[in-house]
Amino acid sequence: MDAPKRTALFAVHQKLGARMTVFGGFEMPVSYGGIIAEHRTVRSAAGLFDLSHMGEFEVRGPHALELLERALTNSAARLRPGQAQYTIMCAEDGGTIDDLIVYHRGEDDYLLCVNASNIAADWSWLNEINASARAELRDVSDQTALVAMQGPRTAEILGRIADFPIADVPRFAIHEGRIAGVKCLAARTGYTGEDGFELFTASADGQRLFSEALEAGKGEGLAPCGLGARDTLRLEAGLPLYGHELDRSTSPLEAGLGVFVKLGRPFIGEPALRSQRERGLRKRLAGIETDDARSIARQGYKIFQDGREAGVVTSGTMAPTIGRPIAMGYLAVGDTSRTPAAAGMSIAVEIRNRLVPATIVKLPFYRRPQTDLPS
Amino acid sequence: MEIPQGLKYSKEHEWVTAEDSVATIGITDHAQSQLGEIVYIELPAVGETVSKDDPFGVIESVKAVSDIYAPVSGTVVEVNEDLPESPEVVNEDPYGDGWLIKVKMNDATDLDDLMDSDEYAEMIAREQE
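Residues numbered from 1 in each chain as written. Chains lettered and ligands numbered in written order. Predicted model: local features only at pLDDT ≥ 70, side-chain atom pairs only at ≥ 80, totals over all residues. Heavy atoms only, no water.

J.: Requested: an account of the pattern of salt bridges, with residues and values cited.
T.: Residue and element names in this part refer to chain A. Across all of its chains, the model carries 27 salt bridges over all chains by this definition. The salt bridge partner of Arg324 is Glu289, with a shortest N-O separation of 3.4 Å. Here Arg324 is found in strand β17 (residues 324-332), whereas its partner Glu289 is found in strand β14 (residues 283-290), with 35 residues between them in sequence. Judged by its relative accessible area of 22%, Arg324 falls in the partly exposed class. Note on Glu289: relative accessible area 15%, which makes it buried. (Salt bridge = Lys/Arg side-chain N within 4 Å of Asp/Glu carboxyl O. Helix = DSSP H or I, 4+ residues; strand = E, 2+ residues; numbered from the N terminus. Buried < 20%, exposed > 50% of the residue type's maximum accessible area, 1.4 Å probe, protein only.)

Following this line, the structure appears as structure tokens:
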């Protein structure tokens, strides 16, 4: 096993006293003060994350769109320059290779942001497909720092240090400009269930961007946040994490991501996914709450229904905003019925050799209060 | 990292203090700090027996599940009833209000196998090298 890589912000994390862990092959901060406090800061004010472990690929040239249309389940052809889109990359059998975001920067110019743990697999897969598509592909992961600010006060804080009206950037749109004097691609995207921005910049400028953004948000309560809070935040928001809710043996339809799968286009995995949609799914992702509001159903724990093993938990934690444990997991769809796991249905989760009663609930667990965002 | 003198320590990061034949057991400051925010604790009931070096309970932080090991053998005579509602007390006061259980020891010589504060401090230092 190779030694873990470090992001351009490693020294900043050390200075801030972060507790570190290895994630996706990178030495990353789990938390600076405490996961629960950081989680609450993102819900109530704003949090600042180093996401430089994530991978970035440039896709350019007259064949760029052709490659994306072939490789991805959502239709990149629907994007106008300046727009972003959540999408999935599938294998021929409909299994998930990765979930990612496509940013349309300009004519024949796209940026893909992929999971750190999948950089190598995605890169080789894309290059294989590209043998016929001939787009210009470039892996810029090592040269790119990614800093995310998430939470209701984000636009206000960044508005003070951006050289463009960042509050006017619509959700899932991008704008290229300077923030704290640093050249950035600012995208109104995120993974926390809150409003926020993800800022792509050159690795060499990452430290300056992070430190100046942190300073700018002091008055609003902005705090550095680690991957621990990122995980509890995304779980409350019902967002899938690759390696948990998504993997090679799980299709985006099973993961409840059908809205990001545009069938009837010739992308890889389309026939398999079309057949799944027509014949019914083998399993469905569901939200789970333990009835005692105390026991935590964690990844790998078995799910039982009517006394029979019916599935497995993929993620679970104590949810700070909701104040009780929450989990997501897959439930087999019975042979006799194609109805997906319905909210209110009783199940049980095996926790340390004990069957703990639990209930299927609707996802997401948390939805942010409505605000007047430009759209 | 606080390692009070006068307590006994186990390799699994529990502390013990004994009065007559009753041992009070908790987890160390180092252990709570490594775990992070504790959100759930499962402890045996009064009257159950615990065996030296076997797990007797479970502590969950936001990120992970960990067993708690018995540093001595005996019968549980008291359980900290505040912990199910307020598990964070173990983070805040691991050697005081965050104690876990009291055990009537079968054999007080179990204590002789445990470390004193200096030996425990040395062990942690070695682990962190």
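We are not done yet, so read on.
J.: Give a description of the sheet that holds strand β3 (residues 22-27) of chain B that names residues and reports values.
T.: Residue and element names in this part refer to chain B. Reading across from one edge, β1-β2-β3-β9-β8-β5 is the order of the 6 strands in this open sheet, with antiparallel pairing throughout. With one partner strand each, in any of the chains shown, β1 (8-9) and β5 (49-50) form the two edges of the open sheet. Pairing of β3 with strand β9 (residues 101-105) involves 4 bridges; the strand directions are antiparallel. Bridge pairing in β9 places Val22 opposite Lys104. (Pairing = 2+ DSSP bridges.)

J.: How would you explain the interface of chain A and chain B if you had to name every residue and give the values?
T.: The partner chain B presents 15 residues to the 17 residues of chain A that form the contact. Summing the contributions of chain A and of chain B, the shared interface buries around 1,400 Å²; its carbon and sulfur component is 47%. Ranking the residues of chain A by area buried against chain B places Arg294, Arg298 and Arg352 of chain A at the top, with a combined share of 43%. Our count for the chain A to chain B interface comes out at 5 salt bridges. Where chain A meets chain B, there are 10 residue pairs in polar contact (both at pLDDT 80 or more). (Contact = heavy atoms within 4.5 Å. Buried area = accessible area lost by both parts, 1.4 Å probe. Polar contact = N/O pair within 3.5 Å; in protein donor to acceptor, adjacent residues only side chain to side chain.)

J.: Account for the packing of helix α2 (residues 35-44) of chain A against helix α7 (residues 227-236) of chain A, naming residues and giving values.
T.: Residue and element names in this part refer to chain A. For the pair α2 and α7, interaxial distance at closest approach is 8 Å and the crossing angle is 55°. By the angle class used here, α2 and α7 are oblique. Like other packed secondary-structure pairs, α2 and α7 cross with a definite hand, here right-handed. Along its contact with α2, which presents Ile35, Glu38, His39, Val42 and Arg43, the element α7 presents Gly228, Ala229, Thr232, Leu233 and Glu236. Grouping the constituent residues of the contact of α2 with α7 by class yields 4 nonpolar, 3 polar and 3 charged. (Axes fitted to C-alpha atoms, helices over the stretch in contact; angles between N-to-C directions. Parallel < 35°, antiparallel > 145°, perpendicular 65-115°, else oblique. Left-handed = near helix turned anticlockwise from the far one by under 90°. Nonpolar A, V, L, I, M, F, W, Y, C, P; charged D, E, K, R; others polar.)

J.: Could you give an account of a negative patch on the surface, naming the residues involved and the relevant values?
T.: Residues and elements named next belong to chain B. A surface patch of negative charge is lined by Glu2, Glu81, Asp82, Glu88, Glu92, Asp93 and Asp97. Relative to the elements of secondary structure, Asp93 occurs in the loop between α2 (89-92) and β9. The exposure class assigned to Asp93 is partly exposed, which follows from its relative accessible area of 30%. (Patch = residues over 30% accessible without salt bridge, like charges linked within 9 Å, V, L, I, M, F, W, Y side chains within 5 Å. Areas by Shrake-Rupley, 256 points an atom, 1.4 Å probe, with all protein chains shown as cover. Lys, Arg positive; Asp, Glu negative; His and termini not counted. Charge placed at Lys NZ, Arg CZ, Asp CG, Glu CD.)

J.: Give me the nonpolar core: which residues, what numbers.
T.: In terms of nonpolar packing, the biggest core is built from 50 residues, with Phe49, Leu51, Tyr103 and Phe200 of chain A touching the most fellow members. Listed in part, the 29 residues of the second largest apolar core include Leu9, Tyr32, Leu48 and Ala213 of chain A. (Core = buried A, V, L, I, M, F, W, Y, C linked by side-chain atoms within 4.5 Å.)

J.: Would you mind going over the packing of helix α5 (residues 154-161) of chain A against helix α6 (residues 203-216) of chain A in detail, with residue names and values included?
T.: All names here are of chain A. Close contact between α5 and α6 brings their axes to 9 Å; oriented N to C, the two are set at 115°. Taken together, α5 and α6 sit at an angle that is classed as roughly perpendicular. For the element pair α5 and α6, the recorded crossing hand is right-handed. The residues of α6 that touch α5, namely those facing Ile157, Arg160 and Ile161, are Glu212, Ala213 and Ala216.

J.: Before we move on, could you go through the packing of aromatic side chains and cite the residues and values that matter?
T.: The tally for this structure, following the rule as stated, stands at 5 aromatic pairs over all chains. Ring plane angle 55° and centroid distance 5.1 Å describe the contact between Phe57 of chain A and Trp123 of chain A, whose orientation is recorded as tilted. Here Phe57 of chain A is found in strand β4 (residues 55-60), whereas its partner Trp123 of chain A is found in helix α4 (residues 119-133), with 66 residues between them in sequence. What makes Phe57 of chain A buried here is its relative accessible area of 0%. On the numbers, 6.0 Å between centres and 50° between planes, the contact of Trp15 of chain B with Tyr95 of chain B is tilted. Taken together, the residues span a long stretch of sequence, with Trp15 of chain B in strand β2 (residues 14-19) and Tyr95 of chain B in the loop between α2 and β9 at a distance of 80 residues. Pair check on accessibility: Trp15 of chain B and Tyr95 of chain B agree, each one buried. Above the plane of the ring of Phe10 of chain A lies Arg6 of chain A, whose end atom (NZ or CZ) is 3.9 Å from the centre. Across the ring face of Tyr366 of chain A, the terminal group of Arg43 of chain A is positioned such that the distance to the ring centre comes to 3.8 Å. (Phe/Tyr/Trp six-rings, centres within 6.5 Å; stacked < 30°, edge-to-face > 60°. Lys NZ or Arg CZ within 6 Å of the ring centre and 35° of its normal.)

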